[in-house]
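Survey of secondary and tertiary structure
Read off the chains here:
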Amino acid sequence: MKVVALFLLVVGCAIADQTPPGTSTRPILTSSEASNYQKSNYLQGWSPESISTSSADYTVGSGGYSTIQAAVNAAIKAGGSSRKHIKISAGTYSEVVYIPSTNVPLTLYGAGSSPSNTVISLSLSALISGSTYKNMVGGLFSSGDPAYSMFESCASKSAIGTSCSSVFWVKAASVQIVNLTIKNSSKNTGTDQAVALQTNSDKVQIENSRLLGHQDTFYSGGGGTTTQRSHVTNTYIEGDVDFVFGGGTTVFEGCTFHAKADRNSEAVVFAPETDPSQTYGYLVVSSTITGDNAYADSRKVYFARSWDAGLSSANEYVAGSSPNGQVVIRESTINGVIPTKAPYTTATSGRTYSGNAGSSRNLNDGNYNRFWEYANTGNAA
């Protein structure tokens, strides 16, 4: 009888907590409100194309290019507007991959049976010096290469910073990343940024991949009003602090977000810096949010906090002017590592989280955080 009673209590709480309008610490959308937050609205007229991995214009490993960067360089230098496919043989590649702005659409895919077979991995902390960075990756770049200016800019810094800590960095539109593991293995101090994948462009597709890191694993879109759309499907993303962050418009579909507990006692999944003029930031649908077993008792994995980019204190925030991150998590499974009553936390500026549970509410009111849920399930829903 105790087991049955407990089960009913848990189920009852899950249903009650997903009842709109929710609470000021955990707002829930009505079905009418949720209709505004569909994949098609986030993608704003873009229909991601079906990705083909049946051909290879360039091959890395197995008798092809020795580095991925060399294959990228060759594909871009070849020019044209037709898509170029780069097949990456199974193995581990200890390098960075930079795709600068180009009109050549690229598809990079792993040739193994799963993304774990083809790994791009490096330890790059935002705190290392430009000279250290140059010694680590300089052999990949020569003057005149398409991405040389990206490398040169990073190498000139006293500390390379967040962007230059990226293992895989995309500045070109229409890039497709398939069946790959991209990993930044840096975990130096527990506080340093170390990006696995950064996208600063439009119409990026990531499919059946793994993005691994600790802080700032996936930098999805720069801030501002420039359109930067991404579609991420069937992908595993792992980290601890703000491990999905940025100002782009990104749809995550069928993904798993896993919070690591090997460095910190708390974790934050999303840290969006959505421009206040942008209605759509991150949409998470049909996905799973989970974490290491160490969080099962503490429940210290938070859905999100706002990345108040450029602000050093909460009193600098100006509603309607400052970045105000936007996230919708819907029809997903929320495992028992999330604090049920208050799953969001304080912004990077120190601005206290404020949810809008009003019965008649403006979902883009800058006086509130724009974090919402709809129809989620699981033992922390």
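Below is a short write-up of the structure. Note that the coordinates shown come from a computational prediction; the quantities given were computed from them, not determined experimentally. (Residues numbered from 1 in each chain as written. Predicted model: local features only at pLDDT ≥ 70, side-chain atom pairs only at ≥ 80, totals over all residues. Heavy atoms only, no water.)

So, on to the overall build of the protein. Scanning the protein from N- to C-terminus turns up eight helices and 25 strands. Computed over C-alpha atoms, the radius of gyration of the protein comes to 21 Å, within 12% of the 21 Å expected from 2.2 N^0.38 for 381 residues, which places it in the range of a compact globule. With respect to the principal axes defined by its C-alpha atoms, the protein has extents near 65 × 45 × 40 Å. When contacts within the protein are restricted to residue pairs at least 6 apart in sequence, those whose partners lie at least 24 apart make up 76%. Here the protein displays about 14,600 Å² of accessible surface, and carbon together with sulfur accounts for 47% of that area. Distance between charge centres in the protein, computed from 25 positive and 26 negative side chains, equals 2 Å. (Helix = DSSP H or I, 4+ residues; strand = E, 2+ residues; numbered from the N terminus. Rg over C-alpha atoms; globule rule 2.2 N^0.38 Å. Contact = heavy atoms within 4.5 Å. Areas by Shrake-Rupley, 256 points an atom, 1.4 Å probe, with all protein chains shown as cover. Lys, Arg positive; Asp, Glu negative; His and termini not counted. Charge placed at Lys NZ, Arg CZ, Asp CG, Glu CD.)

Turning our attention to the sheet that holds strand β1 (residues 58-60). On the basis of which strands lie adjacent, the open sheet formed by 10 strands has the order β1-β2-β5-β8-β11-β14-β17-β20-β23-β25 and parallel pairing. Edge positions in the open sheet fall to β1 and β25 (370-374), since each of these has one partner strand only. Adjacent strand axes in the sheet meet at a mean angle of 10 degrees, parallel and antiparallel pairs treated alike. Pairing of strand β23 (residues 326-330) with β25 involves five bridges; the strand directions are parallel. (Pairing = 2+ DSSP bridges. Axes fitted to C-alpha atoms, helices over the stretch in contact; angles between N-to-C directions.)

This part takes up the packing of aromatic side chains. With the rule as written, the count across this model stands at 22 aromatic pairs. Between the aromatic rings of Y98 and W169, the centroid separation amounts to 5.4 Å while the plane-to-plane angle is 85 degrees, which identifies the pairing as edge-to-face. Here the residue Y98 occupies a position in strand β4 (residues 97-99), and W169 occupies one in strand β7 (residues 168-170), the gap between them amounting to 71 residues. Using a relative accessible area of 0% as the deciding quantity, one classes Y98 as buried. The buried category is assigned to W169, whose relative accessible area is 6%. In textbook terms, an aromatic cluster arises when at least three aromatic residues are bridged by ring pairs, as seen for Y98, Y133, F141, Y148, F151 and W169. The residue whose ring lies beneath R351 is Y317, and the NZ or CZ to ring-centre distance is 3.8 Å. (Phe/Tyr/Trp six-rings, centres within 6.5 Å; stacked < 30°, edge-to-face > 60°. Buried < 20%, exposed > 50% of the residue type's maximum accessible area, 1.4 Å probe, protein only. Lys NZ or Arg CZ within 6 Å of the ring centre and 35° of its normal.)

Before going further, it helps to examine the environment of G246. Relative to the helices and strands, G246 resides in strand β16 (residues 244-246). With near-sequence residues (within four places) excluded, G246 lies in contact with Y219, S220, G221, A271, P272, E273, T274, Y282 and W307.

Below, the discussion takes up the pairing of strand β19 (residues 267-272). Where burial is concerned, most of β19 is hidden: six out of the six residues are buried. In this structure, β19 lies alongside strand β22 (residues 301-304), joined through three bridges in parallel fashion. Counted as the bridge partner of A267 is V301 from β22.

Following the criterion strictly, the structure yields one cavity of 30 Å³ or more and no others. Within this model, the largest cavity holds a volume of roughly 60 Å³. Looking at the lining of the largest cavity, its residues break down into one nonpolar, 10 polar and no charged. (1 Å grid on protein atoms, 1.4 Å probe; cavity = no way out; pocket = protein on both sides within 12 Å on 5 of 7 lines; lining within 4 Å. Points joined across faces, edges and corners; volume = space filled by probe spheres on them. Nonpolar A, V, L, I, M, F, W, Y, C, P; charged D, E, K, R; others polar.)

The next thing to look at is the state of the cysteines. Using the criterion set out here, one finds one disulfide in the structure. With a sulfur-sulfur separation of 2.0 Å, C154 is cross-linked through a disulfide to C164. Handedness of the C154-C164 disulfide follows from its S-S torsion of about -80 degrees: it is left-handed. With C154 in helix α6 (residues 148-155) and C164 in helix α7 (residues 161-164), the pair connects residues that are 10 residues apart, well separated along the chain. Both residues of the pair, C154 and C164, count as buried. (Disulfide = S-S within 2.5 Å.)

Of the volumes computed, that of the largest pocket is approximately 160 Å³. What lines the largest pocket is V241, N264, S265, E266, A267, V268, Y302, R305, T345 and T346. Residues belonging to the lining of the largest pocket are distributed by class as follows: four nonpolar, four polar and two charged.

Attention now goes to the packing of helix α5 (residues 130-137) against α6. The N-to-C vectors of α5 and α6 enclose an angle of 140 degrees; their axes lie 8 Å apart at closest approach. In terms of their interaxial angle, α5 and α6 are classed as oblique. Between α5 and α6, the contacting residues are G130, S131, Y133, K134 and V137 on the first element and F151, C154 and A155 on the second. Class assignment for the residues of the contact of α5 with α6 results in five nonpolar, two polar and one charged. (Parallel < 35°, antiparallel > 145°, perpendicular 65-115°, else oblique.)

Next up on the list: α6. When α6 is considered as a whole, its buried residues turn out to be M150, F151, C154 and A155. An end-on view of α6 places all buried positions within 125 degrees of arc, on one side of the element. Of the surrounding elements, those touching the buried residues of α6 are β4, α5, α7 and β7. (Arc of directions from axis to C-beta.)

This paragraph deals with the side chain of T290. Inspection of the secondary structure assignment puts T290 in strand β21 (residues 288-291). Judged by relative accessible area, which is 16%, T290 ranks as buried. Discounting chain neighbours no more than four positions away, the residues touching T290 are T256, F257, H258, A259, N335 and V337.

Such coordinate-based values are descriptive only and should not be taken to indicate function.
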